[in-house]
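Now for the letters of each chain:
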Amino acid sequence: MTADSEIEINEAFQRSQKGHNNKAKLVASLKSRYNKLEDKTLFHEEFVHYLKYAMIVYKREPSVENVIEFVAKFATSFQSPPKMDEEEEEEEEEEEDEEAEDDHPFLSFIFNFLLESHKANSHAVRFRVCQLINKLLGSMAENAQIDDDLFDRIHQAMLVRVTDKFPNVRIQAALAMTRLQQPKEPDCPTINAYMLILENDSNAEVRRAVLSCIAMSPRTLPKVLKRTRDIKENVRKLAYQVLAEKVHIKALSIAQRVSLLQQGLRDSSEAVKEVVRSRLLPAWLQRLDGDVVELLHRLDVENCAQTALDTLKAIFANTPTDELLQNRLQLDNRRLIPVDLLSCENVLYWRSLCEFIKSKGDEGDEMLEQVLPDAATYADYLYGYLKAVPVLSEEQRADFNQLELVMTKEFVSQQLIYLTGCLDTNEEGGRKRVLAVLQEMLALPQTPSSLVSLLTEKLLNLIPDDHRRTQTVAEIISDVREPIMEDTQPVNENESRRQQVQLAEVKVRILEAKQSLEDCITAQEFSQAAELKDSITELENHRNQIIQDIAESSQPADKEIRTEKNDPETLLRCLTMCAELLKQMNIKTRMGPTMSALMSSLILPSIANAHPAVRNMAVVCLGTCTLHSKELANTHMVLLLQIAQLDEVKIRISALRAVIDLLLLFGFQLLSDRPASQTAPPSHSPDRQEEEALSAEEKGDAPEDTAQSILMMLSEFLDSEVSDLRTETAEGLAKLMYTGRISSAKMLSRLVLLWYNPVTEDDTRLRHCLGVFFQLYARENRAHQEVVEESFLPTIRTLMNAPATSPLAEVDISNVVELLVELTRPSALIKPSTNTEEVCVHNYLAVRVCGEMLKDPTAPEVRLYAKTLSNLELSTDGTIRRDLLTLLQQITQVVKDRICLRAVEKMIDQLVDSKEQAELLNASALQPLDVNADETATEDPSKSAKRPKRGQRKGSTAKGGRKPSRRAESSEESDGENVPESVPVARPSRRAKVAALEKTKLDLSALINQEANMSS
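Along every chain, residues carry numbers that run from 1 in the direction the sequence is written. Where local features are concerned, this predicted model is filtered to residues with pLDDT of at least 70; where side-chain atom pairs are given and counted, the filter is 80 or more; whole-chain, interface and lining totals use all residues. Hydrogens are left out, water is left out, and the side-chain values use all remaining heavy atoms of the structure.

## Section: the packing of helix α43 (residues 862–870) against helix α45 (residues 898–911)
- An axis is simply a line fitted to the C-alpha atoms; with a helix, the fit covers only the stretch in contact. Between two such axes, the angle follows the N-to-C directions and lies from 0 to 180 degrees. A helix here means a DSSP run of H or I that spans at least four residues, while a strand means a run of E at least two residues long, and both kinds are numbered starting from the N terminus. Between α43 and α45, the least distance of the axes is 9 Å, while the angle of their chain directions is 20 degrees. Regarding the angle of α43 to α45, the classification is roughly parallel. At the point where α43 passes α45, the crossing takes the left-handed sense. Along the contact surface, α43 presents V862, R863, A866 and L869, while α45 presents I899, C900, A903 and M907. Working rule for angles: under 35 degrees goes down as roughly parallel, over 145 as roughly antiparallel, 65 to 115 as roughly perpendicular, anything else as oblique. Left-handed describes a crossing in which the near helix is turned anticlockwise from the far one by less than a right angle; the clockwise case is right-handed. Residue contacts are counted whenever heavy atoms from the two residues lie within 4.5 Å of one another.

## Looking at a negative patch on the surface
- Taken together, the side chains of D362, E363, D365, E366, E369, D374, D424 and E427 make up a negatively charged region of the molecular surface.
- Secondary-structure assignment places D362 in helix α21 (residues 362–371). Each patch is built from residues lacking any salt bridge and having more than 30% relative accessible area; the joining distance is 9 Å for like charges and 5 Å for nonpolar side chains (Val, Leu, Ile, Met, Phe, Trp, Tyr). Only the protein chains shown count as cover for residues, and all accessible areas are computed by the Shrake-Rupley method using a 1.4 Å probe. Counted as salt bridges are all cases of a side-chain nitrogen of Lys or Arg within 4 Å of a carboxyl oxygen of Asp or Glu. Neither His nor the chain ends is counted toward charge; the positive residues are Lys and Arg and the negative residues Asp and Glu. Working definition for charges: the position is that of NZ of Lys, CZ of Arg, CG of Asp or CD of Glu.

## Topic: the confidence of the model for the protein
- Of the residues in the protein, 80% have a pLDDT of 70 or more, and the chain-wide mean is 79.
- Predictor confidence is given residue by residue as pLDDT, running from a minimum of 0 to a maximum of 100. Low confidence marks residues 91–101, where pLDDT is under 50. Its contacts with residues over four positions away, or in another chain, come to three contacts.
- Per-residue pLDDT stays below 50 along residues 673–702; that stretch engages in 60 contacts with residues further than four places along the chain or on separate chains.

## Quick notes on helix α18 (residues 305–317)
- Expected span of a helix, by definition, is 1.5 Å for each gap between consecutive residues, and there is one gap fewer than residues. Over its 13 residues, α18 runs 18 Å from end to end, which matches the ideal 18 Å to within 8%, given 1.5 Å per residue.
- Among the residues of α18, those classed as buried are A305, T307, A308, L309, T311, L312, A314, I315 and F316.
- Buried residues in α18 make contact with α15 (254–265), α16 (270–287), α17 (292–297), α19 (321–326), α20 (344–358) and α24 (400–419). Remark: exposure states derive from per-residue accessible area (1.4 Å probe, protein chains only) relative to the maximum for the residue type, with buried under 20%, exposed over 50%, and partly exposed in between.

## Some remarks on the packing of helix α34 (residues 649–666) against helix α36 (residues 723–738)
- Two elements in contact, α34 and α36, have axes whose closest approach is 10 Å; the angle formed by their N-to-C orientations is 5 degrees. Classified by the interaxial angle, the pair formed by α34 and α36 is roughly parallel. Contact residues: R652, I653, L656, R657, I660, L663 and L664 in α34; D724, L725, E728, T729, G732, K735 and L736 in α36.
- Grouping the amino acids of the contact of α34 with α36 by side-chain chemistry returns seven nonpolar, two polar and five charged. Amino acids outside the nonpolar list (Ala, Val, Leu, Ile, Met, Phe, Trp, Tyr, Cys, Pro) and the charged list (Asp, Glu, Lys, Arg) are all regarded as polar, and Gly is one of them.

## Details of the pattern of salt bridges
- Evaluated as defined, the whole model comprises 41 salt bridges.
- With a shortest N-O distance of 2.8 Å, R170 and D201 are connected by a salt bridge. Highlighted residues: R170 in helix α10 (residues 167–176) and D201 in the loop between α11 (189–200) and α12 (204–213), separated in sequence by 31 residues.
- You can call D201 buried: its relative accessible area is 11%.
- The salt bridge partner of R433 is D380, with a shortest N-O separation of 2.8 Å. Taken together, the residues R433 in helix α25 (residues 428–443) and D380 in helix α22 (residues 375–387) connect sequence positions 53 residues apart.
- Taking relative accessible area as the criterion, R433 reaches 30% and is therefore assigned partly exposed.
- Connected through salt bridges with shared partners, the residues R657, E728, E731, K735 and R765 form a single ionic network.

## Considerations on the state of the cysteines
- Here, a disulfide means two cysteine sulfur atoms that sit within 2.5 Å of each other. Counted by the stated rule, this structure contains zero disulfides.
- Cysteine C574 remains unbridged, with the sulfur of C578 as its closest cysteine sulfur at 9.1 Å.

## A closer look at the environment of F47
- Mapped onto the elements, F47 comes out in helix α3 (residues 41–55).
- Looking at F47, the relative accessible area reads 0%, which means it is buried.
- As a C-alpha pair, F47 and V71 span 24 residues in sequence and 9.3 Å in three-dimensional space.
- For F47, the contacting residues outside a window of four places in its chain are I9, F13, L30, V71, F74, F106 and I110.

## Some remarks on the nonpolar core
- By nonpolar core is meant a set of buried Ala, Val, Leu, Ile, Met, Phe, Trp, Tyr and Cys residues that side-chain atoms within 4.5 Å join together. Among the nonpolar cores identified, the biggest contains 281 residues, and F47, I154, W350 and L416 are the most heavily contacted of them.
- When residues in this core are grouped by element, the largest group, 10 residues, is from α34.
- Residues within four places of L416 in sequence aside, it is in contact with L342, V347, W350, Y378, Y381, L382 and Y385.
- Within the second largest apolar cluster, 12 residues are counted, among which are V506, A529, L532 and I546.

## Remarks on the packing of aromatic side chains
- Stacked, tilted and edge-to-face are the three classes assigned to paired rings of Phe, Tyr and Trp, where Trp is represented by its six-membered ring and a pair needs centres within 6.5 Å; plane angles under 30 degrees give stacked, over 60 edge-to-face, the rest tilted. One pass over the full model with this rule turns up 23 aromatic pairs.
- Consider the rings of Y378 and Y381, whose centres lie 5.9 Å apart with planes at 45 degrees: the pair is tilted. Here the residue Y378 and the residue Y381 both occupy positions in helix α22, the gap between them amounting to three residues, near one helical turn. Just as Y378 is buried, Y381 falls in that class too.

## Focus on the environment of L348
- Positionally, L348 belongs in helix α20.
- With sequence-adjacent residues up to four places away left out, L348 is seen in contact with V301, A305, A308, L309, L312, F411 and Q415.

## Re α16
- An ideal rise of 1.5 Å per residue puts 26 Å on 18 residues; α16 measures up with 25 Å between its terminal C-alpha atoms.
- Residues V272, K273, V275, V276, L280, L281, A283, W284 and L285 constitute the buried set of α16.
- Structurally, α16 contributes buried residues whose contacts are with α14 (233–246), α15, α17 and α18.
- By the N-cap criterion, in which a side-chain oxygen at the helix start approaches the backbone nitrogen of a residue two or three places on, α16 is capped by S269, the distance to A271 being 3.3 Å.
- Looking one or two residues beyond α16, the residue adopting positive phi is D289, at roughly 60 degrees. The definition of a polar contact used here is a pair of N or O atoms within 3.5 Å, where within protein one atom must be able to donate a hydrogen and the other to accept one, and adjacent residues in sequence count solely through side-chain atom pairs.

## As for the environment of R898
- Topologically, R898 is positioned in helix α45.
- Owing to a relative accessible area of 67%, R898 belongs among the exposed residues under this scheme.
- Residues R898 and R863 lie 35 residues apart in sequence; the distance between their C-alpha atoms is 9.3 Å.

## Topic: unusual backbone geometry
- Of note in this structure, D289 is not a glycine but carries a positive phi near 60 degrees.
- Residue placement: D289 occurs in the loop between α16 and α17.
- According to the relative accessible area criterion, D289 is exposed, its value standing at 74%.
- Look at R335: it is not a glycine, yet its phi comes out positive at around 60 degrees.
- On the secondary structure map, R335 appears in the loop between α19 and α20.
- Accessibility expressed as a relative area gives 30% for R335, which makes it partly exposed.

Structure follows, in structure tokens:
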């Protein structure tokens, strides 16, 4: 053994395996020995000899990792120390000397050895080569330089290795190219390779490795942003970390900032949301000097208010309580923001802060008093701001600046209205003042239409009783639609002149009569005097009447009259209030006389209005009204169905939603008055036709033709070119099927095909809705799994027979098969059935698949069916096992494809032990199955398999389901040499009833024909 200053190579490798050894001392000792050697060749060869022992080990053993670390440190210890600035200035003068000192011979030798070995057949060697190159480049100084030729060779080798079939090799190759990036080059091969990996690599760990080392530039930023929507949680998490650490907020557009916050704060993974809250937002705030309002200025709060609110809530949650009150904006002594200082950002911050404090409960009440005034003061403040919102004429609306100003004021008004929910309305005076302000603003014609729904909602929240709510809204609607107007009549001058003439004539006649009366009295003609006196009295009365008429006509009368307004804006305002009222009402509240009057005078007449927005809101109101009354629903169901087919798209969608809600609430018996006892219950036998595979929880009341017509309409909507209508229909059908109102294998098959159809690729809502529905539906109970099982063959046949021009021709059929197998897996049920008589659903599926394979053993899809059989969880019941073994044995006799035969034989091995298998292979009593038997075989009940009836729906609630396994990627660090895993076979402890398939023993042709006919 040599001294510590000089050490043998083999001993250095031995000691480097120990983690506690000081590698720096080992490197120094071995370097001392190397420097004393005149001939370095033997040293190089011996060093590589010992290195090879570590390079053939693929597993990440600690001792091997220590050796690799030691080799990297030893090789880079020969590198020349980095030059100072002064030396770099003399670069041109010493160019020749620099070229001679570019790379140490040992370092060059190691690189040459590694680059010659990177194409080795062993994936372990390729992995260690890439790992060592990564370690060597990473251990060099920050400003280290290598020869251009060596740079190019390393570059080319690693570009090859990033396409290696083993993920671990690709990971190390990607990490090795970290220092080879040239972000300023417009066509850098390394960055191009990185972007290609981020887009296309199937392994999540490879994508994570590239994310961790890719340089940020305008070219790479969109690719990194896209990884925030990666399918794997760890990749999304790292993408947000990289953006927080490497990207300034100013480098992102407003749309990108909003998208990052919107997706990150609503991610399904709590870990991703935590990274956004604890890393991304603090990093942005730090670059903005902690100014939260300034951060809101960097977002489009008017168009993404909810995202801004989520952002503020996340910031407040990580802020100490005492600091919340320190940043309370520019509140005056009344605890209000002055009107001239109100902006979209600070009012949204004010609202979010108040809502966050109020959510703390009792401990937040005292804090809330410091940032919000009493209810009466705030009501006056709100009233003053809302009345100041200008109403634009048509000419003014053409001016974009004025329109933008009004839209800003409306947004601020909206946030101020939301703030009324934080007020303390327990005090009667303040609550009445808020109610009065809200009612007055709803009645004012200049109140913007966009605020009507929100004002109504806040008003109804302050009124707990449904009857009072209805009366209050009805009064407001009456004031809006029939406002009180004064009828002022002008003075008629001609009539006034005529009355003056009449008055003068009467006065003259009175004077003449009085004179005649005096003459008669003088002449003592008392009888005539009495007549004159009566005449004078009449004339005086006539004179007084004329004087009164003149007085009335000289003062024009003001009459109060009500005029009904039927313009679209008024009707839309009234219908919006009515819709909000119906939304807030308890579903059990019956329709009273007030609502009936609104229905007849407002809602139904508006259905035929020429204005689309009015018709749409009327349909919404009608659909909501029908939910409160079964009789009303029965009356107007046909009208809603007609609207769903004939009107504009938006109105059709509203009518469709109403129809779906009615069917969900009342069921299909809404369509008929026949009692349930008169209708036979739906059959659950497996040989029913696909067209009649419709059953409802209470479908006994519904005539089949009406239910079929509705479902045919919904089926046609699934083929609509209008994506919104298609999505709404799919969502409605999913609800009906999940709640048990519909049970249709054909409809489920349509939804599966729609989910996989490339046409719906951009319809995120549709894809998300159906993806969640399939998992919840199949996991809910066994009856749902039976529906999925019945839809298996129709779905696969549709994809198999799709013409080349159809979008369905692009669908990966094996992926669809994998999904349906996972959905019908017995272990996937939330609450496994306790009924021991039920047979495993996968057993029925296995019989169907075997029948398809026996129909045409030479068909190309036989290989797919064989793979399907190997993935099934089959029960261990003796009778069922023997029946399946009979089918599988028949398949081995007719199928010639080797891959299929191996899969079938593997399944036979799983079902029987070696002794039973030997008996089966030597048995001569087995009769061949007649796959093409006549359909009359299905009519003989003694030869057909009878499936147990579907059990009742469980009352359990699905809490989520695992997503269908794509099996396209593996995020494990070690890929296990891509050895396919054997499929485990579940063996439940409960046995199915033997008598369930007793009659089909050794002769399953009848059952196969039944399933084939049903699916055809």
